[in-house]
Every structure is written in structure tokens, then in C-alpha cells.
Amino acid sequence: MKKVITIISCCIIIFSIGGCMNREKYMSDWFTSEQEEADKMMEQIIEACRKQDTQKLKELFSENSRKNIKNIDVKINELFQYLKGDIQTFEGDCASSSDSDHGKKIIELDGMYNISTSSEKYHMNFYMYSQNDSDSKAVGLYKIEIATEEIDFYNACVKNLSLEEINQLDALIEKVYLESKKLRKNGFKGVIDEKDSIR
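Definitions and cut-offs
- Residues numbered from 1 in each chain as written.
- Predicted model: local features only at pLDDT ≥ 70, side-chain atom pairs only at ≥ 80, totals over all residues.
- Heavy atoms only, no water.
- Helix = DSSP H or I, 4+ residues; strand = E, 2+ residues; numbered from the N terminus.
- Buried < 20%, exposed > 50% of the residue type's maximum accessible area, 1.4 Å probe, protein only.
- Contact = heavy atoms within 4.5 Å.
- Areas by Shrake-Rupley, 256 points an atom, 1.4 Å probe, with all protein chains shown as cover.
- Pairing = 2+ DSSP bridges.
- Axes fitted to C-alpha atoms, helices over the stretch in contact; angles between N-to-C directions.
- Arc of directions from axis to C-beta.
- Core = buried A, V, L, I, M, F, W, Y, C linked by side-chain atoms within 4.5 Å.

Asks: Hey, could you run me through the overall build of the protein chain in this one?
Replies: Along its length, the protein chain carries seven helices and six strands. Put simply, the protein chain runs from its N terminus to its C terminus through helices and strands in the order β-β-α-α-α-α-β-β-β-β-α-α-α. In the protein chain, which comprises 199 residues, the share counted as buried stands at 35%. When contacts within the protein chain are restricted to residue pairs at least 6 apart in sequence, long-range pairs at least 24 apart make up 57% of them. If you sum the accessible surface of the protein chain, you get close to 12,500 Å²; carbon and sulfur atoms cover 51% of it.

Dropping the structure here:
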């Protein structure tokens, strides 16, 4: 299974009349909120795929995207056909970026999820604007990517390793992946200084 480790560099200072908000708590809440929003979007995508509901999936795209993506109905149906088997589980993470221009805030979320069906494993990425004060018609999905190639690529990369070496590599990848998830949930507690120094 493809493991995704995302490092987000940011430095946030919040002042209020009563003093400074607890920085670690703020960052933990921030990441949790974004992850929940990405999970909610992924749940809606999965539900549309399970029911093969073209209209439901299309409505998740922004108004701009629905107008600008050529043959969007055809592409959505192709996505449904690409997914083989019944969807059983999905899990993943998200990355985010934000920008502010003259008080107008723009927040972009990138969801990265692994999907298991009764016959195949997939990796899906989606890209969306959760907030766009400059253009409300841009809020929503603007791209979905799905592939199985990462599995074949991984197998090709490790084909010269022994079974023991492959198992050791998998164990290390899993350990790093789980540690990265734990750090994100804790608001990068214990590595705040290091994270802020990355530019």
C-alpha cells in the first residue's frame, strides 16, 4: 500500500486581547478540522461511486469545474467503470494550503486516500477549494485522480529484494507512516521548532 507522508511548513501566531492562544492546541484543532472535512468529502465521493450516481458526484464539483471540465458526465462514468468490485474500505490523509489577499482567504485541500474493493486496491487523490472568498463559484472539487499503477511500480522496485528484505521495508514504511499520522493528530507536539524552521 502506498504510504504518503506530508510535511506542512507553517508558522502561525495568534494574538487576542487576553493574550496568546495556546499554539499547539490551535494547530491540533486546525489539522483535525481539515482532516474531518477531507474525510467528509471522500465519504460523499465513495457513496456516489457505490451507487454509480453521476449527478451526485458532479454536484460535489465546484460550479466553475462543472462548466469548464469537458464531457464531465462521461469522465465520471469512466471513473465508475474503472473501479472494479465492491468498495469495502478507504482511508487516508489530507494536505492543505492557504492564502490571503486583502482579507480574502483561500483554502485548498488535497485528499490522498487508499481504497480497497473486493477485487483491487486503488489510490485516489482529490483536489478542492474548501473556501475561496475571491470566487465562491470555485468552492468544491476541481480534480479527482485514481490509479493502481503504484502497486505495480512498488513491486517493480522491490523485485530484486529477498522476501525478508521486503518485509523489513514494509515494516519500516508502516512505522514511519503511523508516526507521521500521530504527529499530525498531536499538532506536531514536540517538533514545533523543527517544523517552523522548514521553509
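Asks: How should unusual backbone geometry be read in this particular structure?
Replies: In terms of backbone geometry, most residues other than glycine have negative phi values and most peptide bonds are trans. For Q52, which is not glycine, the phi torsion reads 50° and is therefore positive. Here Q52 lies in the loop between α1 (23–51) and α2 (54–60). Taking relative accessible area as the criterion, Q52 reaches 46% and is therefore assigned partly exposed. Located in the positive-phi region is N71, a residue other than glycine, with phi close to 55°. Along the chain, the position of N71 falls in the loop between α3 (63–68) and α4 (72–82).

Asks: Please clarify how the sheet that holds strand β4 (residues 104–117) should be interpreted in this entry.
Replies: Adjacent strands of a sheet form backbone hydrogen bonds with each other and so pair up, either parallel or antiparallel. Across the sheet, four strands lie side by side as β3-β4-β5-β6; this open sheet has antiparallel pairing. Looking at the sheet topology across the chains shown, the edges are occupied by β3 (87–101) and β6 (140–147). For this sheet, the mean angle separating the axes of adjacent strands, direction not counted, is 15°. Here 14 bridges tie β3 to β4, and the two strands are oriented antiparallel to one another. If you follow C94 over to β4, its bridge partner there is G111.

Asks: So what exactly am I meant to see when it comes to α4 here?
Replies: Residues separated by three or four positions in an α-helix point in the same direction, a consequence of the helix having 3.6 residues per turn. Among the residues making up α4, those that are buried are I72, I76, L79 and F80. Viewed along the axis of α4, the buried residues span an arc of 100°, placing them on a single side of the element.

Asks: Would you mind showing me how to read the pairing of β4 here?
Replies: Each regular strand carries side chains that alternate between the two faces of the sheet. Most of β4 is tucked away: 10 of the 14 residues are buried. Hairpin connection between β3 and β4: a loop of two residues separates the two successive antiparallel strands, and H102 in this loop has a positive phi of roughly 55°. In terms of strand pairing, β4 meets strand β5 (residues 121–132) through 11 bridges, oriented antiparallel. Each bridged residue has a counterpart across the sheet, and for S116 the counterpart in β5 is K121. Where β4 folds back onto β5 in an antiparallel hairpin, the turn is made up of three residues.

Asks: What should I look at first to understand the side chain of T148 in this one?
Replies: Secondary-structure assignment places T148 in the loop between β6 and α5 (149–158). Given the relative accessible area of 16%, T148 is considered buried.

Asks: Can you help me understand the nonpolar core in this one?
Replies: Across soluble globular proteins, you tend to see nonpolar side chains buried next to one another. I45, L57, F126 and L141 are the most contacted members of the largest nonpolar core, which has 26 residues in total. In terms of residues, this core owes the most to one element, α1, which gives seven residues. Contacts of L57, omitting those with residues within four sequence positions, involve I45, A48, I76, L79, F80 and I144.

Asks: Teacher, can you tell me more about the pairing of β5 here?
Replies: Counting buried positions along β5 yields nine of 12 residues, so the element is predominantly enclosed. As judged from the seven bridges shared by β5 and β6, these two strands associate in the antiparallel manner. Its bridge partner being in β6, M124 is matched across the sheet by I146.

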